[in-house]
Amino acid sequence: MNINNERRRFFAGAAAATVTAVAASAVSRVAMAALPEPVLQDKPDTMPPLVPGTGRPYNPVVTLNGWTLPWRMNNGVKEFHLVAEPVVREMAPGFKANMWGYNGQSPGPTIEVVEGDRVRIFVTNKLPEHTSVHWHGQRLPNGMDGVSGLTQPAIPVGKTFVYEFVARRPGTFMYHPHADEMTQMAMGMMGFWITHPRAKHPLIDEVDRDFVFLLNAYDIDPGSMTPKIMTMTDFNLWSWNSRVFPGIDTLNVRQGDKVRIRMGNLTMTNHPIHLHGHEFLVTGTDGGPTPKSTRWYEVTTDVAVGQMRQIEFLADEEGDWAFHCHKSHHTMNAMGHAVPTMIGVDHTGLVGKISKLVPDYMVMGERGMADMAEMEMPLPDNTLPMMGGQGQFGAVEMGGMFTTMKVRRGQKRGDYADPGWFKHPPGSVAREVSEAVAEPVRAPQAASPQGAPGDIEVTVRKPTGHSGH
């Protein structure tokens, strides 16, 4: 599919169908209107920013491994068409998952509007069950809030509802169902909504690069394709925009750019997001831009469940800088949590005996888990290794919620192409020391309970269950 052709057809209004739309609130003039043709996207690539061709101007965002939904103007109203449907999402090369999403993708496309826009969103339900759409964080009429049973009837299978309201305040918002929420969000139904300021705002600075992505998590057994919707805490795939490293695209910026990154969390736990090489300010939350008196520099910000965090910084340090969740289990793929710790256990003599019974047996974890990154273990089809990413110096030993921000002096303004690996100046890479070094200073040996130096026995009681992250 060529998205540019789809957009041209969309703006031309071709093949629009006339249907009876059941409105979230009664808008009879709209209910019988011809729907805008839905635009679909089946690629997991980061698409270029969608520069507005109609309506009020704004500086568009770039959705990491995603795209912005085109619209049409109809008598001054900005019209969008979302299609809720089953999709197949490529989470990383060689690994796909059966999900539910919007317009061919999970998460769905980002919706961008301008403060003061009157917005009309048609939602067609192609799922096997009813649904709704909640516009998370928006100020709007109660009947447009999208909570099925409470503020509207659920959207039946095969029907189209319409939501219409004014984008009243600038900020970063999300959308997701409030109908069988446990199932539908666990299957990937979510998306981002950006309301740009109408005019210069005292708390919203102009930036050169503006990235957005959602934090999401899935429990997919190795060799299978469908998330387990009953999982509450023990997820094995932690993702950004339903992609896991090494499938998450890099954030490519020009040295000296002012960069904004907006992150929304629709997982079941919090995520301390950490950027290497730079410090940033938290300039926005779900409630809108933060007062400047409350901002201070950090290198890690915690994004709680259902929250959004917006960070801004000057990308003034060249290099390939890691950007990731700081919970170590969240930078792994398809990780089991019931594996015993085997560090320091001597397998001498045991491997040969086990190999007679299990010919493909390998020792794992005797020296730590780093060997997993280089083992050529047979894996079930449609499964990623726990640590599969490669850098220019070897295995990165990361997965899940991890990518890099590539800052380059020669990156052209508006160019989002991957510049390749950073060419380090001579002498600026950590290296092996060949000459003799002085003995390290060590901590004094602990005293025994009797006062003499010696070993101390410690009794440790380990937790008996996995209480979540």
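Preceding this paragraph is the structure being described.
Sequence order sets the numbering: in each chain, residues are counted from 1 along the sequence as written. pLDDT decides what is reported in this predicted model: residues at 70 or higher carry local features, side-chain atom pairs at 80 or more are listed and counted, and totals for whole chains, interfaces and linings draw on all residues regardless. Neither water nor hydrogens contribute to the side-chain values; these are computed over all heavy atoms in the structure.

### Description of the overall build of the protein
Helix and strand assignments follow DSSP, with helices taken as H or I runs no shorter than four residues and strands as E runs no shorter than two, numbered in order from the N terminus. Assigned secondary structure in the protein consists of 4 helices and 25 strands. The buried label goes to any residue with under 20% of its type's maximum accessible area, the exposed label to any with over 50%, and the partly exposed label to all in between, with areas taken from a 1.4 Å probe on protein chains only. When each of the 469 residues of the protein is scored for burial, the buried share is 47%. Contacts are assigned to residue pairs that have any heavy atoms within 4.5 Å of one another. The long-range fraction of contacts in the protein, counting pairs at least 24 apart against all pairs at least 6 apart in sequence, stands at 74%. For accessible areas, the Shrake-Rupley method is used with a probe of radius 1.4 Å. Any residue's cover is judged against the shown protein chains and nothing else. When the accessible surface of the protein is totalled, it reaches about 23,000 Å², and 55% of it is carbon and sulfur.

### Section: the packing of aromatic side chains
Each aromatic ring pair is characterised by the separation of its centres together with the angle its planes make. Within 6.5 Å between ring centres, the rings of Phe, Tyr and Trp (the latter by its six-membered ring) count as paired, and their orientation is classed by plane angle as stacked under 30 degrees, edge-to-face over 60, tilted in between. Tallied over the full model, the rule gives 14 aromatic pairs. Aromatic pair Trp 135 and Trp 193: ring centres 5.6 Å apart, planes at 65°, arrangement edge-to-face. Here Trp 193 lies in strand β11 (residues 191–196) and Trp 135 lies in strand β8 (residues 134–136), a separation of 58 residues in the sequence. With respect to burial, Trp 135 and Trp 193 carry one shared label: buried.

### As for the sheet that holds β11
Being paired, for any two strands, means DSSP has found at least two bridges between them. Strand order across the open sheet formed by 4 strands is β6-β11-β10-β8, with mixed pairing between neighbours. Looking at which strands have only one partner, the edges of the open sheet turn out to be β6 (111–114) and β8. Each strand of the sheet is rotated relative to its neighbour by a mean of 25°, with strand direction disregarded. Here strand β10 (residues 171–176) pairs with β11 via 5 bridges, running antiparallel. Axes, fitted as lines to C-alpha atoms, cover a helix only where it is in contact. Angles between the N-to-C directions of the axes lie from 0 to 180 degrees.

### Structural notes on the environment of Gly 284
Within the element layout of this structure, Gly 284 appears in strand β17 (residues 280–285). Counting along the chain gives 27 residues from Gly 284 to Ile 311, while the straight-line C-alpha distance between them is 7.0 Å. Those residues in contact with Gly 284 that sit more than four places away from it in its chain are Pro 289, Thr 290, Met 308, Arg 309 and Gln 310.

### Side note on the nonpolar core
To form a nonpolar core, buried Ala, Val, Leu, Ile, Met, Phe, Trp, Tyr and Cys residues must be joined to one another through side-chain atoms within 4.5 Å. Counting 33 residues, the largest nonpolar core has Leu 82, Ile 111, Ile 121, Trp 135 and Trp 193 as the members making the most contacts within it. Looking at this core, the elements that each hand over two or more residues are β4 (77–92), β5 (95–102), β6, β7 (118–125), β9 (160–166) and β10. Apart from residues no more than four positions distant in its own chain, Trp 135 is found in contact with Leu 82, Ile 111, Ile 121, Leu 140, Met 144, Asp 145, Tyr 163, Phe 165, Met 174, Tyr 175 and Trp 193. Counting residues in each nonpolar core, the second largest holds 28 residues, with Leu 251, Ile 261, Ile 273 and Val 407 among its members.

### Focus: the side chain of His 136
In this structure, His 136 sits in strand β8. At a separation of 3.0 Å, a polar atom in the side chain of His 136 contacts the main-chain carbonyl oxygen of Gly 306. Sequence-distant contacts of His 136, defined by excluding residues within four places in its chain, comprise Phe 173, Met 174, Tyr 175, His 176, Asp 286 and Gly 306. Throughout this description, a polar contact denotes any pair of N or O atoms lying within 3.5 Å of each other; where both atoms belong to protein, one of them has to be capable of donating a hydrogen while the other can accept it, and for residues adjacent in sequence the pair is counted only when both atoms sit in side chains.

### What about the sheet that holds strand β14 (residues 251–254)?
Taken in spatial order, the 5 strands line up as β14-β25-β22-β16-β20 in an open sheet, and their pairing is mixed. The sheet is open, and its two edges are formed by β14 and β20 (300–303), each paired on a single side. In this sheet, adjacent strand axes meet at a mean angle of 20° when their direction is disregarded. Both strand β16 (residues 271–275) and β20 contribute to a ladder of 4 bridges, which runs antiparallel. By the bridge assignment for β20, His 274 is matched with Thr 300.

### Examining the pattern of salt bridges
For salt bridges, the criterion is a side-chain nitrogen of Lys or Arg within 4 Å of an Asp or Glu carboxyl oxygen. Within this structure, the stated rule accounts for 21 salt bridges. Ionic pairing is found between Asp 219 and Lys 228, a salt bridge with its closest N-O pair at 3.6 Å. For Asp 219, a relative accessible area of 7% corresponds to the buried category. Its relative accessible area of 37% is what places Lys 228 among the partly exposed residues. Among the ionic pairs, Asp 221 bridges to Lys 228, the shortest N-O distance being 3.3 Å.

### So, the side chain of Gln 152
Mapped onto the fold, Gln 152 is located in the loop between β8 and β9. Of note is the side chain of Gln 152, whose polar atom sits 2.7 Å from the side chain of Tyr 163.

### Re the pairing of strand β22 (residues 319–325)
Buried residues dominate β22, accounting for 5 of its 7 residues. In this sheet, β22 lies alongside β16 in antiparallel orientation, the contact comprising 3 bridges. Note that in β22 the partner of Ile 273 across the bridge is Cys 325.

### Details of unusual backbone geometry
Pro 107 follows Ser 106 through a cis peptide bond whose omega is -5°. You can see Pro 107 is positioned in the loop between β5 and β6. Despite not being glycine, Asn 241 has its phi angle at roughly 50°, a positive value. For Asn 241, the location among the structural elements is in the loop between β13 (237–240) and β14.

### Considering the pairing of β7
The element β7 is largely enclosed, with a buried count of 7 among its 8 residues. Here β4 pairs with β7 via 7 bridges, running parallel. Counted as the bridge partner of Lys 78 is Val 119 from β7. Pairing between β7 and β9: 7 bridges, direction antiparallel. Residue Arg 118 lies in a different strand from β9, and its bridge partner there is Val 166.

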